[in-house]
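# Secondary and tertiary structure notes
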Amino acid sequence: MIAGIPLALARRRPDGPDNVELHLGDATALPVGDAGFDAALSVQVLEYVADLEAALAELHRVLRPGGRLVIWDVDWST
């Protein structure tokens, strides 16, 4: 899939909330500031990330102290 196409489609959704920003980024270098999120959700992403340690460090960086992270990666072959 060409990078950015799903993002462009999501931006065209008329029923989305007004307080949502969409960014194209890399899991190991998120384009957001430190401690800016109360929560983060990763669904079927980390299995494709080569540098898992860097991706987890980035998630930790963007979460505020006490923030929550949910990682949902399913190995469908098991």
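Another aspect to go through is the overall build of the chain. Scanning the chain from N- to C-terminus turns up two helices and two strands. Shown N-terminal to C-terminal, the secondary structure of the chain runs as helices and strands in the order α-β-α-β. Projected onto its principal axes, the C-alpha coordinates of the chain cover approximately 35 × 35 × 20 Å. Intrachain contacts of the chain at a sequence separation of at least 6 include 67% that bridge at least 24 residues. Approximately 6,300 Å² of the chain is accessible, and the part contributed by carbon and sulfur atoms is 58%. Looking at charge distribution, the chain has the averaged site of its 6 positive side-chain charges lying 8 Å from that of its 12 negative ones.

Positive phi outside glycine occurs at Ala-35, with the angle close to 50°. Examined against the element boundaries, Ala-35 turns out to sit in the loop between helix H1 (5–11) and strand S1 (37–43). On the basis of relative accessible area, Ala-35 is assigned to the partly exposed category, the value being 38%.

Volume-wise, the largest pocket comes out at about 1,000 Å³. When contributions to the lining of the largest pocket are tallied by element, the ones reaching two or more residues are H1, S1 and helix H2 (52–62). Among the elements that line the lining of the largest pocket, the one with the most residues is S1, at six residues. Of the residues assigned to the lining of the largest pocket, the class counts are 20 nonpolar, five polar and two charged.

Our focus in this paragraph is the pattern of salt bridges. With the rule as written, the count across this model stands at three salt bridges. Salt-bridge contacts for Arg-61 lead to Asp-34; the nearest nitrogen and oxygen are separated by 2.6 Å. Of this pair, Arg-61 sits in helix H2 while Asp-34 is found in the loop between H1 and S1, placing the two residues 27 residues apart along the sequence. Assessed through its relative accessible area of 23%, Arg-61 is described here as partly exposed. Across the pair Arg-61 and Glu-58 runs a salt bridge, and its minimum N-O distance is 2.8 Å. Placement of both Arg-61 and Glu-58 in helix H2 is noted, with a separation of three residues, approximately one turn of the helix.

Here Ala-39 shows up in strand S1. Assessed through its relative accessible area of 48%, Ala-39 is described here as partly exposed. With 22 residues separating them along the chain, Ala-39 and Arg-61 place their C-alpha atoms 12 Å apart. The contacts of Ala-39, once residues within four sequence positions are left out, are Leu-63 and Arg-68.

Rules used throughout
- Residues numbered from 1 in each chain as written.
- Predicted model: local features only at pLDDT ≥ 70, side-chain atom pairs only at ≥ 80, totals over all residues.
- Heavy atoms only, no water.
- Helix = DSSP H or I, 4+ residues; strand = E, 2+ residues; numbered from the N terminus.
- Contact = heavy atoms within 4.5 Å.
- Areas by Shrake-Rupley, 256 points an atom, 1.4 Å probe, with all protein chains shown as cover.
- Lys, Arg positive; Asp, Glu negative; His and termini not counted.
- Charge placed at Lys NZ, Arg CZ, Asp CG, Glu CD.
- Buried < 20%, exposed > 50% of the residue type's maximum accessible area, 1.4 Å probe, protein only.
- 1 Å grid on protein atoms, 1.4 Å probe; cavity = no way out; pocket = protein on both sides within 12 Å on 5 of 7 lines; lining within 4 Å.
- Points joined across faces, edges and corners; volume = space filled by probe spheres on them.
- Nonpolar A, V, L, I, M, F, W, Y, C, P; charged D, E, K, R; others polar.
- Salt bridge = Lys/Arg side-chain N within 4 Å of Asp/Glu carboxyl O.

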